Each structure stands twice: as structure tokens, then as C-alpha cells.
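# Breakdown of the fold
What follows is each chain in one-letter form.
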Amino acid sequence: MRALTLDDDEQAMRDGWEGKAKAFAMDLLCRVAYAQGAKKLLPITQAHLVGSYHSGHANLSLLRALVDQGAQVCVPTTLNASGADLSHPQYYAEEDSEFRGNCDVVKLHQKMGCRIELTCAPYHLPIRPERGDNIAWAESNAVVFANSVIGARTNMSYQYLDLCAAIAGRIPATGLYLDQNRAGETLYSLDGLPKHWLSNDAFYQLLGLVVGRDCGHSIPVLSKLPTSITEDQLRGFSAAAAAAGSVAMFHAIGVTPEAPDMDTALHGSTPKRVRKVQPNDISQAYALLSSSSDAPVAAVCLGAPHLSREEFQQLSKLIGSQETHPSIRLLISTSRHVWRELQGTAIPAQLLEAGAQVVVDTCTYYGSLVREVQGQVLTNSAKWAYYGPGNLGLPVQFASMNSCVEAAINGRWQRSELFFND
């Protein structure tokens, strides 16, 4: 193939010496490499697959064919969030075909050796990659987090390419796998923002929305972020930037591993564009996530991406010994892994007694768990607020976790200006 060189092992896989499934996987990888102008394939250390939900009969047919051909992943491979909470079948009607379809998809992946974690936050799992690792991840917030916060390397992969990469243990050497493509390009200065905003979790999600909508396919560089910024704040930025745009990586000067200083982040060059983020940019982002509906809040949804252990601790302090209002459903999405970790603490019993519903395996902005809500949904996730109205046809309002908990307990919510007037 044009400019693409395979080593002996790769050629043997493509020629079918390791079975039909690997030959299929290698053929697809080579075709993609050819289209992208890659000169070689790279070994990967792990994969995280986005095809973890039921997307139709064609999808099931392909997965069954690969299983029948003996397909097995050859690197540690996890699955993204499913279209349903498979750990809690009682949440669904017995005749729910979508639930059964999601179960079938996961079982087929399990037969291929995938680890069934079903999370959009694979960086919380014990097999978290390390800086410099080549991986094949295909969940948008996780891709941004891996490239930027961890310093691992992955493109924004997609369904079936990620699976083929896991089966063959290879990925085309293009895009963000290559040093020269990881240079920062668009500089965002935060000099014009009130300093106290930078300690607020909601701010980073709104900033992600601003940057995601503005930067196109360029790699943004953030200056003047506090070095005290938390991983949860960085992943909030990652999720919002990926949801609102095409961001797959960012640099934060003095914070992220490939940006100890401006010169390193820009690879010795100058930024192609400089944008000073203004207070009005952040308030406009908040307005974009604010429903105009006067309907009462009927549900509060936390956890997109899946709630971390640290966020559960924050939530626990906010709830205390209080109970949710009978008119409000409080749904909390997290991963099986984080929920298992919490079982040795008092938090699960506290949330149950408070009337909260913990959802694992899935995200509540798709599926049937929230669709029939009569009223507005309040969420502390900019990603949820960005996707929810289109996915569910419901009015959605972005708010801080504090406001979300207050609404869930008091049964009412009055729009605030978040931190703008603090």
C-alpha cells in the first residue's frame, strides 16, 4: 500500500495467519491508514470502545460474526457507557427491547475479552494509562483528558476502528500519535476574568464550552490557570470542550504535562491566534445552557462524565442527613468501579436514605430513565445540558452542584447567576 510499511507480525495478521478476525481488523486498519497517509501502524497498550450500546441489527450482526470467527482483543479493553443500566434491570420494563439489545451488545464484547466496566470515565479505572502510552480511546471527554491531563496519546477514534485496534493491537500512526501534531495553536488568555471564578467547578465547564465552540480543530492553549486546579475541574473542561466542538487535546501552561511553559506548549512557535476570554463569553455560555421554560424542576441529574469518588464526597457533605423532596427525582450516574469503591463507606446508605437513585453503566441524557419526566431537568454537567434537550426533548438547566442539591431537597429552584455576582 502507498507509503504504509507493515512489520512481519502485522503482515502475517493481515494475510490471515492469525485467523479471520485479525485479518479483518488489520485490513480495516490498513485501509484507514492508507486514507490518512500513515506510514506505519503503532502498537497500543489499551483500548476503550465506544460501540457499547445497541445501535441496530447491523451492529449485532457484525459483532456476532467477529465472535464466530474467534475474535479476541489482545490489549486490555474496556467499554464506554451503555444505553442502559445493565446492573439494575429493575429500572426497565420486562419487554424493553432496547434494554435487551444493550445486554446483547455487552455480552458479545465480553466474549471477545473486553472488561465490562461501562463507563465514560475510563481514567478512573485501575488500568489508567501513563504519559506517552499509545492507546485507542473513543469517548470524547476521555480522549481530551488522556491527551491533555495524562499525556497519553490517542486520536478521537470511532466505532469499529477502536474495536479493530483492540483486536490487532495496532493503530495508524497519524494525528495526535505524532509529536509534531501535538503543538498548541490557539492561545486563550484568562487575564480578563475575575480571579475568584477560577476556583469554581462550574466555571471550567463553561470555559470548555467557550473554547470548544471557538477553536475549531486547533489545539487550544490556556494561560493563567491556577496550579491548584483539580482533575475533576480539568475533566469538566474536557467534557464541555469536546461536546461543544472538535477538541481532542489542550494545553494548560504550568498545569498539563506537555505544557510546563508557553514555549514547550507551542513547540517553539508562536500561536496562530490569540483570544482573550471575557466575562461576557462565560455568561453567554451559561445562557446557552439555560432553558427558557417556566416548567418546575422535576429531576436533578448529576454525573456526566460519571461522578468521581471525590465528587461523591462533595455530594455527601451537601446532602448530609437531608432527604430529597417527593416531587424531585435525584439521579446520580457513576461507574461500576467507583460505586464498588464506595461500598466500604457510609455514602451508599446515605444516598439511599436521602431518596437518590444511583445509576451505573449508562448516562441519563440518553435512554428511558429520564425521558418521561414532566418538567425541567437540572444538572451540574455542561455536557448533559448541551446534549439533553436534543436527546430527550426536555428543557434543561445547567447549575452548580450546590444549587442542584438544594433544588432536590427543597423541591424548587430559582435561577441564579452561578458565581457571576459573587
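Computed from a predicted model, the values in this text were never measured in an experiment.

All right, on to the overall build of the protein chain then. Within the protein chain, the secondary structure is distributed over 15 helices and 14 strands. Over its C-alpha trace the protein chain gives a radius of gyration of 22 Å, about what one expects of a compact globule, namely 22 Å for 422 residues. Along the longest, intermediate and shortest principal axes, the C-alpha atoms of the protein chain span 65 × 60 × 40 Å. Taking the intrachain contacts of the protein chain between residues at least 6 apart in sequence as the baseline, contacts between residues at least 24 apart amount to 78%. Here the protein chain has roughly 17,300 Å² of accessible surface; of this, 48% comes from carbon and sulfur atoms.

Bringing the packing of helix H5 (residues 140-150) against helix H8 (residues 231-244) into the picture now. For the pair H5 and H8, the least separation of the axes is 8 Å and the interaxial angle reads 125 degrees. In terms of axis orientation, H5 runs oblique to H8. Crossing of H5 against H8: the hand is right-handed. Packed against H5, whose contacting residues are Ser140, Asn141, Val144, Phe145 and Val149, the element H8 presents Glu231, Leu234, Arg235, Ser238, Ala239 and Ala242 at the interface.

In this section: the environment of Ala408. Within the element layout of this structure, Ala408 appears in helix H15 (residues 401-410). Exposure remark for Ala408: the relative accessible area of 1% places this residue in the buried category. With 89 residues separating them along the chain, Ala408 and Ile319 place their C-alpha atoms 9.5 Å apart. Discounting residues that sit within four places of it in the chain, Ala408 has contacts with Val300, Thr324, His325, Ile328 and Leu330.

Let's shift gears to the side chain of Ser223. Note that Ser223 resides in strand E7 (residues 220-223). Not counting residues within four places of it along the chain, the set of residues in contact with Ser223 comprises Leu187, Tyr188, Ser189, Leu190, Ile253 and Met262.

Throughout the structure, instances matching the rule amount to 10 aromatic pairs. The interplanar angle of 90 degrees and the centroid separation of 6.3 Å between the aromatic rings of Tyr365 and Trp384 together place this pair among those described as edge-to-face. Taken together, the residues Tyr365 in the loop between strand E12 (357-360) and strand E13 (376-379) and Trp384 in helix H14 (residues 382-392) connect sequence positions 19 residues apart. For the pair Tyr365 and Trp384, one class covers both residues: buried. When the ring of Tyr386 is compared with that of Tyr387, the centres are 6.1 Å apart and the planes differ by 65 degrees; the resulting orientation is edge-to-face. You can call Tyr387 partly exposed: its relative accessible area is 25%. Through a chain of ring-to-ring contacts, the aromatic side chains of Tyr365, Tyr366, Trp384, Tyr386 and Tyr387 assemble into a single cluster.

For the rest of this paragraph, the subject is the side chain of His48. Note on placement: His48 falls in strand E2 (residues 47-49). A distance of 3.3 Å separates polar atoms of two side chains, one belonging to His48 and the other to Asn80. Excluding residues within four positions of it along the chain, His48 makes contact with Thr78, Leu79, Asn80, Thr119, Pro122, Ala136, Trp137, Ala138, Glu139 and Asp162.

Turning next to the sheet that holds strand E9 (residues 273-276). With parallel pairing, four strands are arranged side by side in an open sheet as E8-E7-E6-E9. At either margin of the open sheet sits one strand with a lone partner, and together these are strand E8 (251-252) and E9. Pairing analysis gives four bridges linking strand E6 (residues 186-189) to E7, with the strands arranged parallel. Its bridge partner lying in E7, Tyr188 is registered against Leu222.

Cut-offs used in this document
- Residues numbered from 1 in each chain as written.
- Predicted model: local features only at pLDDT ≥ 70, side-chain atom pairs only at ≥ 80, totals over all residues.
- Heavy atoms only, no water.
- Helix = DSSP H or I, 4+ residues; strand = E, 2+ residues; numbered from the N terminus.
- Rg over C-alpha atoms; globule rule 2.2 N^0.38 Å.
- Contact = heavy atoms within 4.5 Å.
- Areas by Shrake-Rupley, 256 points an atom, 1.4 Å probe, with all protein chains shown as cover.
- Axes fitted to C-alpha atoms, helices over the stretch in contact; angles between N-to-C directions.
- Parallel < 35°, antiparallel > 145°, perpendicular 65-115°, else oblique.
- Left-handed = near helix turned anticlockwise from the far one by under 90°.
- Buried < 20%, exposed > 50% of the residue type's maximum accessible area, 1.4 Å probe, protein only.
- Phe/Tyr/Trp six-rings, centres within 6.5 Å; stacked < 30°, edge-to-face > 60°.
- Polar contact = N/O pair within 3.5 Å; in protein donor to acceptor, adjacent residues only side chain to side chain.
- Pairing = 2+ DSSP bridges.

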